[in-house]
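Architecture at a glance
Given next are the chains, with one letter for each unit.
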Amino acid sequence: MRFHSVCSLLGALCLFVVALPSSADITVGRRAYSDKDFAKAFSEFTESANQGGALAKRYLASMYFLGQGTAKDEAHGSKLAHQCAEAGDSQCLLMYATSNLVGSGIAVNYAEARLWARKAIASGDAEVLAPTGLILAQAYLRDPANAYLVDGKPNMEKYDALAHRTVAQRAEQVEALDALAASAASGFVPARQLLSAVLFEQSGTGTAEKIISLLTGIKDLPATYQRFLTISQQVAQLGPTRAAPKLVIDCMPVAALTAASHASRARTNRPPECKDFKVLKFLGPTPIDNVTWLPLKQPLVANSYPLTGTWSEDWSVTACGVVSTVKINFDVDGMGGANWASELE
């Protein structure tokens, strides 16, 4: 998921801000805004803001971000958002956290995005909880300190360092995933979509069913998430598995080679290049041995991210006209996925 500005990040966040209850000193500006008389609304909010009105600064910040009643000026919008955030306005806390996340009018600063998002959550305003959970997750996931891709290419030294982080070193990861799951559980569509993308690659308890529940019912589902949904439905139909949908796909070539090798020995009249491989069903996974879980608490992600452990699964497959059972042995990689190898039962 990619965000380009404060307003696009939260899908009309700024319009949401100006739709909140008014106070007496900005009633005229609010009325003008509702009538789409943005010039008058801007003038009224400016007068109130000049007198120190934090609420007026919130509305002005939104109008600067949107270019309503004034030229679009994200830098000034971020400045105003910062001022009213300092005054404790929960919507401004959310807005300023977003500015830091996407670099809207200010430099991208993931640490600051997390700081202001935490303050927004601590405000206790239920209105900001769902979008702020998304921001916390994005601030973690987009931070280069938490990524192993460098210039679009895997850096195995960074991968190994991230994979071997201790539980104590993963506090921000736990915070991010729990916040994202809470946001998704509230029904916030952007969070439901982002969490489905995370779970698509996250093994441990079998995430296909969770992805289905997250994405089903979303109107005009983007193609990427439609693909996640379709693959997850196909995986769920095969039976129980601890492997994430992406891991299932990654294991297919190895399972196919193992099954084809068996078939070539069992039926010498079949050409070795036959390609009719198919997984018929999953016969069930074993428990995870020596497992250490990332201590996530939200139901959508609890016990979904093993840091250590091994398990195996039997897959009933057909290849070259021969049905066989392939055992897949998984070794948790500390990054939400697993390494694997296959053998015949």
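Placed above this text is the structure.
Figured I'd write up the structure that's included with this text. (Residues numbered from 1 in each chain as written. Predicted model: local features only at pLDDT ≥ 70, side-chain atom pairs only at ≥ 80, totals over all residues. Heavy atoms only, no water.)

Right, let's talk about the layout of surface pockets for a bit. Of the voids in this model, the largest pocket is the one considered here, and its volume is about 1300 Å³. Those elements that provide at least two residues to the lining of the largest pocket are α9 (126-142), β1 (149-150), α10 (156-163), α11 (171-185), α12 (189-199), α15 (245-266) and β7 (338-344). The class makeup of the residues in the lining of the largest pocket is 22 nonpolar, 8 polar and 10 charged. (1 Å grid on protein atoms, 1.4 Å probe; cavity = no way out; pocket = protein on both sides within 12 Å on 5 of 7 lines; lining within 4 Å. Points joined across faces, edges and corners; volume = space filled by probe spheres on them. Helix = DSSP H or I, 4+ residues; strand = E, 2+ residues; numbered from the N terminus. Nonpolar A, V, L, I, M, F, W, Y, C, P; charged D, E, K, R; others polar.)

At a minimum axis separation of 9 Å, helix α8 (residues 110-122) and α9 run at an interaxial angle of 160 degrees. Considering the angle they form, α8 stands roughly antiparallel to α9. Crossing hand, α8 versus α9: left-handed. Of the residues in α9, those in contact with Y110, A113, R114, A117, R118, A120 and I121 of α8 are V128, L129, T132, I135, L136, A139, Y140 and R142. (Axes fitted to C-alpha atoms, helices over the stretch in contact; angles between N-to-C directions. Parallel < 35°, antiparallel > 145°, perpendicular 65-115°, else oblique. Left-handed = near helix turned anticlockwise from the far one by under 90°. Contact = heavy atoms within 4.5 Å.)

Once that is clear, we can look at the state of the cysteines. Summed over the entire model, instances satisfying the criterion amount to 1 disulfide. For C84, the disulfide goes to C92, at an S-S distance of 1.9 Å. The chirality of the disulfide connecting C84 with C92 is left-handed, given an S-S dihedral of about -95 degrees. We note that C84, like C92, is buried. (Disulfide = S-S within 2.5 Å. Buried < 20%, exposed > 50% of the residue type's maximum accessible area, 1.4 Å probe, protein only.)

A few words now on the pattern of salt bridges. In the structure shown here, the tally under the stated rule is 7 salt bridges. The salt bridge involving K327 is made with D314; its shortest N-O contact spans 3.2 Å. One end of the pair, K327, is in strand β6 (residues 322-332); the other, D314, is in strand β5 (residues 306-319), with 13 residues separating them in the sequence. Each member of the salt-bridge network shares a partner with another, and the members are R114, R118, D143, E172 and E175. (Salt bridge = Lys/Arg side-chain N within 4 Å of Asp/Glu carboxyl O.)

Strand residues, when the strand is regular, have side chains that alternate between the two faces of the sheet. Among the 14 residues that make up β5, 12 are buried, leaving the element largely enclosed by the rest of the structure. Of the pairings in the sheet, the one linking strand β4 (residues 289-293) to β5 comprises 3 bridges and is antiparallel in character. Across the sheet, D289 pairs through a bridge with T310, a residue of β5. Bridge count for β5 against β6 is 10 bridges, and the pairing is antiparallel. When the bridges of β6 are listed, T318 appears paired with V323. In this antiparallel pair of consecutive strands, β5 and β6, the connection spans 2 residues, and C320 shows a positive phi of 55 degrees. (Pairing = 2+ DSSP bridges.)

Here the focus is the packing of aromatic side chains. What the rule picks out here adds up to 9 aromatic pairs. Judged by centre distance (5.4 Å) and plane angle (75 degrees), the rings of F42 and Y64 are edge-to-face. Here the residue F42 occupies a position in helix α4 (residues 38-50), and Y64 occupies one in helix α5 (residues 54-66), the gap between them amounting to 22 residues. This pair shows no difference in class: F42 is buried, exactly as Y64 is. Summarising the aromatic geometry, the rings of F282 and W315 are spaced 4.9 Å apart at their centres and angled 45 degrees between planes, so their arrangement reads as tilted. Linking F282 in strand β3 (residues 278-285) with W315 in strand β5, this pair joins segments that are 33 residues apart in sequence. Across this residue pair, the class does not change: F282 and W315 are buried. The aromatic ring of W116 is capped on one face by K119, whose charged end is 4.2 Å from the ring centroid. (Phe/Tyr/Trp six-rings, centres within 6.5 Å; stacked < 30°, edge-to-face > 60°. Lys NZ or Arg CZ within 6 Å of the ring centre and 35° of its normal.)

Remember, this is a structural readout, not a statement about activity or role.
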